[in-house]
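What follows is the residue order along each chain.
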Amino acid sequence: MQPAFAIIGGTGVYDPALLEGAQVQLVETPYGSVQVTVGRYHNQDVAFLPRHGAGHSVPPHRVNYRANLWALKQLGVSQVLATAAVGSLQHTYEPGSLVLVDGFLDFTKSRPITFFDTGPVVHVDMTDPYCGRLRAQLRAAAGRLGLTLHDGGTYVCTEGPRFETPQEIRFYQSIGGAVVGMTSVPEVVLAKEAELCYACVCMVTNYGAGISPTPLTHEEVVAAMAANVHRIRQLFFTVIEAGEHTRDCRCPQAVQGQRPLGPEKGESAH
Ligand code: HPA
């Protein structure tokens with residue numbers, strides 16, 4: 001089995017729905033082992049990875065992002081479609097909206113952020129963090145399905161696991177954020193370092209703290225996701241069905257052989 005496409009399921013997206021003959025594989029990586037489900041859709045192998053582990057057991061700041069991305073790379077994946085539950089920073093993005101983010105602002109604090117921790121130094125280009133080619137495919141799929149997908153927007157990534165204060169939300173609005181979540185960084189960065197195409201469709205589950213009329217709860221996020229996840233699935237499987245494997249973007253050369261991926265000999269991977 002060699003899946004070209006992978007889906008990373010965020011909060012509320014825990015099952016590989018629509019994949020036939022799905023089997024769980026334990027993939028060993030230098031950063032720990034990861035359970036990935038691989039099944040078939042329209043004659044293609046497709047991988048599915050729930051970001052927070054089975055049953056949402058891992059909080060956003062403890063997700064083993066390096067192991068997750070490494071496992072997908074090792075399976076042969078080249079294109080990653082990710083979902084993320086987010087809070088809205090703008091009234092135009094109502095709960096239930098889908099936002100195809102095209103950039104991020106990083107407010108994380110304590111996460112392993114790179115595969116290249118020791119020399120030789122690698123500085124990966126982030127001009128197009130969320131693959132523009134894959135985003136175009138998602139836009140086209142949304143058009144074919146008649147789904148509203150807000151095109152572009154900046155994802156503000158916080159450390160979590162707490163929700164934001166109203167003051168932070170006002171600040172994130174003032175610097176141009178569209179949505180706020182806790183997981184896109186370092187996932188999108190590691191995907192680029194691994195020379196994978198990566199796009200993220202965000203589901204707005206609530207307005208940010210202080211905009212929302214009521215205090216935020218994880219339960220409301222999960223419930224909003226459950227009510228709307230079918231649209232993200234449709235989008236992703238439409239892209240997968242189209243089966244575009246020509247990667248004429250810059251992602252396959254993001255690191256350009258500056259050095260092999262992963263920990264140096266003797267370096268701790270954890
Ligand atoms: N803030 C951060 N992460 C989130 C939110 C939020 O309001 N909603 C869903 N994920």
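Heads up: the structure comes first, above all this text.
What counts as what
Residues numbered from 1 in each chain as written. Predicted model: local features only at pLDDT ≥ 70, side-chain atom pairs only at ≥ 80, totals over all residues. Heavy atoms only, no water. Helix = DSSP H or I, 4+ residues; strand = E, 2+ residues; numbered from the N terminus. Expected span 1.5 Å × (residues − 1). Contact = heavy atoms within 4.5 Å. Phe/Tyr/Trp six-rings, centres within 6.5 Å; stacked < 30°, edge-to-face > 60°. Buried < 20%, exposed > 50% of the residue type's maximum accessible area, 1.4 Å probe, protein only. Disulfide = S-S within 2.5 Å. Pairing = 2+ DSSP bridges.

A. Focus on helix H2 (residues 132-145). With 14 residues, H2 extends 20 Å between its outermost C-alpha atoms, agreeing within 8% with the 20 Å of an ideal straight helix rising 1.5 Å per residue. Contacts made by the buried residues of H2 are with strand E1 (5-9), strand E5 (79-88), strand E6 (98-100), strand E11 (197-207) and helix H5 (218-242). One or two positions beyond H2, positive phi appears at glycine 146, with a value near 70°.

B. Region of interest: the packing of aromatic side chains. Applying the stated criterion across every chain, the model contains eight aromatic pairs. The interplanar angle of 65° and the centroid separation of 5.6 Å between the aromatic rings of tyrosine 31 and tryptophan 70 together place this pair among those described as edge-to-face. In this pair, tyrosine 31 is assigned in the loop between strand E2 (20-29) and strand E3 (32-41) and tryptophan 70 in helix H1 (residues 65-75), connecting sequence segments 39 residues apart. The same class applies to tyrosine 31 as to tryptophan 70, namely buried. Ring pairing ties together the aromatic residues Tyr31, Trp70 and Phe115, which thus form one cluster.

C. Focus on the environment of serine 33. Of note, serine 33 is situated in strand E3. Assessed through its relative accessible area of 44%, serine 33 is described here as partly exposed. Along the primary structure serine 33 and asparagine 64 are separated by 31 residues, whereas in three dimensions their C-alpha atoms are 9.6 Å apart. In contact with serine 33, not counting residues within four places along its chain, are Leu26, Val27 and Glu28.

D. Spatial organisation of the state of the cysteines. Under the criterion given, the structure shown has zero disulfides. Considering cysteine sulfurs only, cysteine 251 is the nearest to cysteine 131, which forms no disulfide, with 3.8 Å between them.

E. View of the pairing of E1. Here E1 lies mainly inside the structure; five of its five residues are buried. Pairing analysis gives five bridges linking E1 to strand E4 (residues 44-50), with the strands arranged parallel. In the strand pairing of E4, isoleucine 8 is matched with leucine 49. Strand direction decides the pairing type here: E1 and E5, joined by four bridges, are parallel. Counterpart to phenylalanine 5 in the pairing with E5 is glutamine 79.

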